[in-house]
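# Analysis of the macromolecular model
These are the residues of each chain, in order.
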Amino acid sequence: MLLNLELLPGVDWSIAIVDLGSGEVLASHDPDRLLSTASVGKVFALIELAERLRDGRLTADQPSDRRVVAPVADSGLWQHLATDVLPLGDVAQLVGAVSDNLATNVLIDLLGQDAIRARAAQWAPRGSDLVDVVRGLRGPDDPPHLSLGCAADHVEILARLWSERDAPGSTGERVLGWLAPGMDLSMVASAWHQDPLSHAEEYAGPIIVNKTGTNLGVRADVGVIDSGGRATAYAVLANWTEDPPGTGRDDAMGALRDIGDALRTALS
């Protein structure tokens, strides 16, 4: 292993870091272990949408109405906007850029949960999945997690998307395009000190495309670091017991950032 990670005890980890050029595994720790991944699983809704845009079943300019689903708060911008209707492509862009919960549920309503889960099973053979819609509160009869995932699945997904990135209209081009403006660089990606509002065309460092997930006791960051001559896919997933809220959070976030620092050092 290129990276010798000293992992924080008391945290369940699933980690995979792979050089996309050579396929070399730079770091690995329980890569097949399924953990709660919060909003990372929204990638599967974006993949299903991109597949339907690619084959013509849907079009990016068709109107999508947020009133077809129940209001949901927390992450996102659409809940704060005046308009109820957006083009479908803009709905996907909200999910990619700000992990918009309302936009996610609109996509799930349009595409169907079963279809998204079937797509996840095709792309993630180890069981990574978007299990449910976004909910403000999860009751005893609801799935306990929005999504589940393992690092090995997500690195393979990123590698597949990356391989298609230059093909116009491909799933890889569309999904990575939606994720490129993602505004959360607080975890692994923090090591490169990029502008969280503009890092898709960075002149003073690598291009970062990532998707994060955050919940009580959950931090997850999956993405690609593209330094021009070298592209590296990473998936770092962490679960711990956060009871009461805040317990262990500083240490877990510090550990994720330490992994980013180690990766930056290794790639420099």
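Quick note: structure is the one above.
An account of the accompanying structure is given in this report. What you are looking at is a predicted structure, and each value in this text was computed from that prediction instead of being measured. (Residues numbered from 1 in each chain as written. Predicted model: local features only at pLDDT ≥ 70, side-chain atom pairs only at ≥ 80, totals over all residues. Heavy atoms only, no water.)

## Some thoughts on helix α4 (residues 113-123)
When we look at burial in α4, the residues that qualify are Q113, I116, R119, A120 and W123. All buried residues of α4 fall inside an arc of 125° around its axis, so they share one side. For α4, the exposed residues lying more than 90 degrees away from the buried face are D114, A121 and Q122. Contacts made by the buried residues of α4 are with α1 (42-55), α3 (101-111), β6 (129-130), α5 (151-163) and α6 (171-179). (Buried < 20%, exposed > 50% of the residue type's maximum accessible area, 1.4 Å probe, protein only. Helix = DSSP H or I, 4+ residues; strand = E, 2+ residues; numbered from the N terminus. Arc of directions from axis to C-beta. Contact = heavy atoms within 4.5 Å.)

## Focus on the side chain of H199
Here H199 shows up in the loop between α6 and β8 (207-215). For H199, a relative accessible area of 1% corresponds to the buried category. Here G182 takes part through its backbone oxygen, which lies 2.6 Å from a polar atom of the side chain of H199. A polar atom in the side chain of H199 sits 2.9 Å from the backbone oxygen of I208. With sequence-adjacent residues up to four places away left out, H199 is seen in contact with A180, P181, G182, L185, Q194, P206, I207 and I208. (Polar contact = N/O pair within 3.5 Å; in protein donor to acceptor, adjacent residues only side chain to side chain.)

## A few points about the sheet that holds strand β2 (residues 25-29)
Strands sit in the order β2-β1-β10-β9-β8 across an open sheet of five strands; the sheet is antiparallel. Either end of the sheet is taken by a strand with one partner, and the two such strands are β2 and β8. Within the sheet, the average angular offset between the axes of one strand and its neighbour, ignoring direction, is 5°. Examined bridge by bridge, strand β9 (residues 218-226) and strand β10 (residues 231-239) share nine bridges and lie antiparallel to one another. (Pairing = 2+ DSSP bridges. Axes fitted to C-alpha atoms, helices over the stretch in contact; angles between N-to-C directions.)

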